[in-house]
Amino acid sequence: MNDFSYLHTNCLELSLYLGCDKFPHESELQQEWENNKESLLTFMEQVHRGIKGVVTDQQGEPIANATIVVGGINHNVRTGK
């Protein structure tokens, strides 16, 4: 589902796996949090990197369905309606 969402809806979803146990026991959760807290928070801070904004025309009005192309990246992004 993640690849489909990224390629066809411009929605980036992530699945993070910390090990092979999909459903760790409740008694293990606190230790898993402590082991991975800093890495997860640092990863979440990365949302502020990159390019973001609103595509507008010369009058400052938003442009619906504009295509954004970045050189060297083979994935165009379209703005919303």
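Anyway, here's the lowdown on the structure attached to this text. On a predicted model such as this, the values are computed, not experimentally measured, just so you know. (Residues numbered from 1 in each chain as written. Predicted model: local features only at pLDDT ≥ 70, side-chain atom pairs only at ≥ 80, totals over all residues. Heavy atoms only, no water.)

### Quick notes on the overall build of the chain
What counts, and what does not: Secondary structure is summarised from DSSP: a helix means a run of H or I of at least four residues, a strand means a run of E of at least two, and numbering begins at the N terminus for each. C-alpha atoms define the radius of gyration in this analysis, and the globule rule sets the expected value at 2.2 Å times the number of residues to the power 0.38. We call two residues contacting when some pair of their heavy atoms lies within 4.5 Å. Each accessible area value is a Shrake-Rupley result obtained with a 1.4 Å probe; residue values ignore everything except the protein chains displayed when judging cover. Here the positive residues are Lys and Arg and the negative ones are Asp and Glu; neither His nor the chain ends is included. Taken as the charge centre is NZ of Lys, CZ of Arg, CG of Asp or CD of Glu, depending on the residue.
Helices and strands together make up the secondary structure of the chain, namely two helices and two strands. Overall, the chain shows an N-to-C arrangement of helices and strands of α-α-β-β. On C-alpha atoms alone, the chain measures out to a radius of gyration of 19 Å, which is more than a quarter above the 12 Å that the 2.2 N^0.38 rule sets for 81 residues. By principal-axis analysis of the C-alpha atoms, the chain measures approximately 55 × 25 × 25 Å. Within the chain, contacts between residues separated by at least 24 positions form 19% of all contacts whose residues are at least 6 apart in sequence. Of the roughly 7,700 Å² of accessible surface on the chain, 55% is carried by carbon and sulfur atoms. Each charge class in the chain can be summarised by its mean position, and for the 6 positive and 11 negative side chains these summaries are 10 Å apart.

### Quick word on a nonpolar patch on the surface
Stated formally: Put simply, a patch holds well-exposed residues, over 30% relative accessible area, that have no salt bridge, with like charges counted together within 9 Å and Val, Leu, Ile, Met, Phe, Trp or Tyr side chains within 5 Å. Between Lys or Arg on one side and Asp or Glu on the other, a salt bridge is scored when a side-chain nitrogen of the former is within 4 Å of a carboxyl oxygen of the latter.
Taken together, the side chains of Tyr6, Leu7, Leu12, Leu14, Leu16, Leu41, Phe43 and Met44 present a nonpolar region at the surface, about 820 Å² in accessible area. Every element with two or more residues in the nonpolar patch is listed here: α1 (2–9) and α2 (26–45). If you tally residues by element for the nonpolar patch, the top one is α2, at three residues.

### So, the side chain of His75
To keep things clear, this is the line we draw: Each residue is placed in one exposure class: buried if its accessible area under a 1.4 Å probe, protein chains only, is under 20% of its type's maximum, exposed if it is over 50%, and partly exposed if it falls in between.
You can see His75 is positioned in the loop between β1 (67–68) and β2 (77–78). A relative accessible area of 14% places His75 in the buried class.

### Points about unusual backbone geometry
For Asn65, which is not a glycine, the phi torsion comes out positive at approximately 60°. Mapped onto the elements, Asn65 comes out in the loop between α2 and β1.

### Some details on the environment of His75
Residues His75 and Asn10 lie 65 residues apart in sequence; the distance between their C-alpha atoms is 9.3 Å. Look past the residues within four positions of His75 in its chain and what remains in contact with it is Tyr6, Leu7 and Asn10.

### Notes on α2
In plain terms, the rule: To estimate the expected span of a helix, subtract one from its residue number and multiply by 1.5 Å. The term bend refers to the angle at a residue between two fitted axes, each drawn through seven residues, those ending there and those starting there.
The terminal C-alpha atoms of α2, which comprises 20 residues, lie 27 Å apart, in line with the 28 Å expected from a rise of 1.5 Å per residue. Largest kink in α2: about 55°, centred on Asn36.

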